[in-house]
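Chain residues, written in single-letter form:
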Amino acid sequence: MKLAVTAASGQLGRAVIDHLKTSHPVENIVGIARTPEKAADLGVEIRQGTYGDRTGFEQALAGVEAMLLISGNDAPEKRIEQHRAVIDGARAAGVQRFIYTSVQGPEQGGGFADIVRSNRQTEADVRQSGLNWAIGRNGIYIEPDVEYIDSYKRLGGIRNCAGGGLCAYTTRTELAYAYACLLKDGSHGGKTYNLSGTPISQTDLVGFMNQVLGTRMTYEFVDADSFKEDRIAEIGEFYGTVVAGIYAAIATGAFDNESQFMAATGREHVSWPDFFSKI
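The rules behind the values
Residues numbered from 1 in each chain as written. Predicted model: local features only at pLDDT ≥ 70, side-chain atom pairs only at ≥ 80, totals over all residues. Heavy atoms only, no water. 1 Å grid on protein atoms, 1.4 Å probe; cavity = no way out; pocket = protein on both sides within 12 Å on 5 of 7 lines; lining within 4 Å. Points joined across faces, edges and corners; volume = space filled by probe spheres on them. Helix = DSSP H or I, 4+ residues; strand = E, 2+ residues; numbered from the N terminus. Expected span 1.5 Å × (residues − 1). Buried < 20%, exposed > 50% of the residue type's maximum accessible area, 1.4 Å probe, protein only. Axes fitted to C-alpha atoms, helices over the stretch in contact; angles between N-to-C directions. Left-handed = near helix turned anticlockwise from the far one by under 90°. Contact = heavy atoms within 4.5 Å. Nonpolar A, V, L, I, M, F, W, Y, C, P; charged D, E, K, R; others polar. Pairing = 2+ DSSP bridges. Core = buried A, V, L, I, M, F, W, Y, C linked by side-chain atoms within 4.5 Å. Phe/Tyr/Trp six-rings, centres within 6.5 Å; stacked < 30°, edge-to-face > 60°.

Participant: I keep staring at the layout of surface pockets and nothing clicks. Help me out?
Facilitator: If a probe as big as a water molecule is rolled over the atoms, it shows which places are left empty. In this structure, the second largest pocket encloses a volume near 170 Å³. In terms of lining, the second largest pocket is formed by 15 residues, of which the most central are Gly110, Thr241, Ala244, Gly245 and Ala248. Of all the secondary-structure elements, those providing two or more residues to the lining of the second largest pocket are α4 (112-127), α9 (224-235) and α10 (237-252). It is α10 that provides the largest number of residues to the lining of the second largest pocket, a total of five residues.

What follows is the structure in structure tokens.
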């Protein structure tokens, strides 16, 4: 069975393909990338495909039986039509199974909610496509917190507006494993899974870091408006608003979701003590 992964030059696309290569014939793995040369080192067939280009995706998916659409990163209002073009191209190419990477989170409000709503619309389009589909809803990546540890240490801890809310985090490696499973296994048709680990609080998060690093960092609540101003000042209007929206939504319980990782993959998501013990 020939399997295809979109956004092959991106971090998640690369990780999914690396997982597939451990258990699926390399000659039956296709990576699709807007700029193929950026994925040339993956060791699999790379085809050109740009979200929004229906005809191009029909050609890129020739002979493919199952594919993974990794959600685009354009503005939310643009993603819906771009994804629809990929869905239409897949249907025209005769793709049999269609897997989509959606996201957990709030559907009301602005900031991150705009992204969630665009994902929900693509979910609806996938379900109505006539294809045999499965959908994963990604938890929040925990890697940015790990990458930010030096800053946390300098600040003495984590400061945001999540309060005591629980967040269903995940890791790129775990997501890649889950999507590789969904691509290879046709028994998940018509199912939607929350792909994340056990929900944890910000206090839990800083505690795991302290255990590994031997530090005494703390969690400090910051009101939502102040946190948003801080994020915008550091990373710009668009991303600052999105990040602030995520943490505000954590506070409301929008990410306190039960993990369905076991149902999707046959094993539990990595535990947070195990994950942090290896950083």
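Moving on from the coordinates now.
Participant: Whenever I open this one, helix α8 (residues 202-213) confuses me. Can you help?
Facilitator: For an α-helix, the turn length of 3.6 residues means that residues three or four places apart are oriented alike. Taking 1.5 Å of rise per residue, the twelve residues of α8 would be expected to cover 16 Å, and the 16 Å separating its terminal C-alpha atoms lies within 8% of that figure. By the burial criterion, the buried members of α8 are Gln202, Leu205, Val206, Phe208, Met209 and Asn210.

Participant: In this structure, what is going on with the packing of α9 against α10? I would like to understand it.
Facilitator: Describing two packed helices takes the angle between their axes plus the distance from one axis to the other. Orientation of α9 relative to α10, taken along the N-to-C sense of each, is 145°, at an axis distance of 7 Å. Handedness of the crossing formed by α9 with α10: right-handed. Contacts between α9 and α10 involve Phe227, Lys228, Arg231, Ile232 and Ile235 on the former and, on the latter, Glu237, Tyr239, Gly240, Thr241, Val243, Ala244 and Tyr247. Considering only residue class, the contact of α9 with α10 consists of seven nonpolar, two polar and three charged.

Participant: Sorry, what's going on with the sheet that holds strand β6 (residues 132-138) here?
Facilitator: Within a sheet, adjacent strands bond to each other through the backbone by hydrogen bonds, running parallel or antiparallel. With parallel pairing, seven strands are arranged side by side in an open sheet as β3-β2-β1-β4-β5-β6-β10. Strands with a single pairing partner mark the edges of an open sheet, and in this sheet they are β3 (45-48) and β10 (191-195). In this sheet, neighbouring strand axes are inclined to one another by 20° on average, regardless of whether the strands run parallel or antiparallel. Looking at chain direction, strand β2 (residues 29-33) and β3 are connected through four bridges and run parallel. Within β3, the residue paired with Ala33 across the bridge is Gln48. Each of β1 (3-5), β2 and β4 (66-70) touches helix α1 (residues 11-21); the most contacted strand, β1, lies at about 155° to it.

Participant: Before we go on, may I ask you to explain the nonpolar core in this structure?
Facilitator: The tendency in soluble globular proteins is for nonpolar side chains to be buried side by side. Core analysis: the biggest nonpolar cluster contains 49 residues, and Val16, Leu61, Met67, Phe98 and Leu183 have the highest contact counts within it. Tallying contributions element by element places helix α7 (residues 172-184) first for this core, with seven residues. Excluding residues that lie within four positions of it along the chain, Leu61 makes contacts with Ala4, Ile32, Arg47, Met67, Gly89, Ala90, Ala93 and Val95. Among the nonpolar cores identified, the runner-up in size contains 33 residues, and Ile115, Val116, Phe227 and Ala244 belong to it.

Participant: When you look at the packing of aromatic side chains in this model, what are you seeing that I'm missing?
Facilitator: We describe a pair of aromatic rings using the distance from one ring centre to the other and the angle between the two ring planes. If you walk through the whole model with that rule in mind, you get eight aromatic pairs. Pairing Tyr148 with Tyr152 gives two aromatic rings, centres 5.1 Å apart and planes at 70°, and the pair type is edge-to-face. You can call Tyr152 buried: its relative accessible area is 8%. Their ring planes at 15° and their centres at 5.6 Å tell us that Phe208 and Phe276 sit as a pair that is stacked. Of this pair, Phe208 sits in helix α8 while Phe276 sits in helix α12 (residues 272-277), placing them 68 residues apart in sequence. Across this residue pair, the class does not change: Phe208 and Phe276 are buried.

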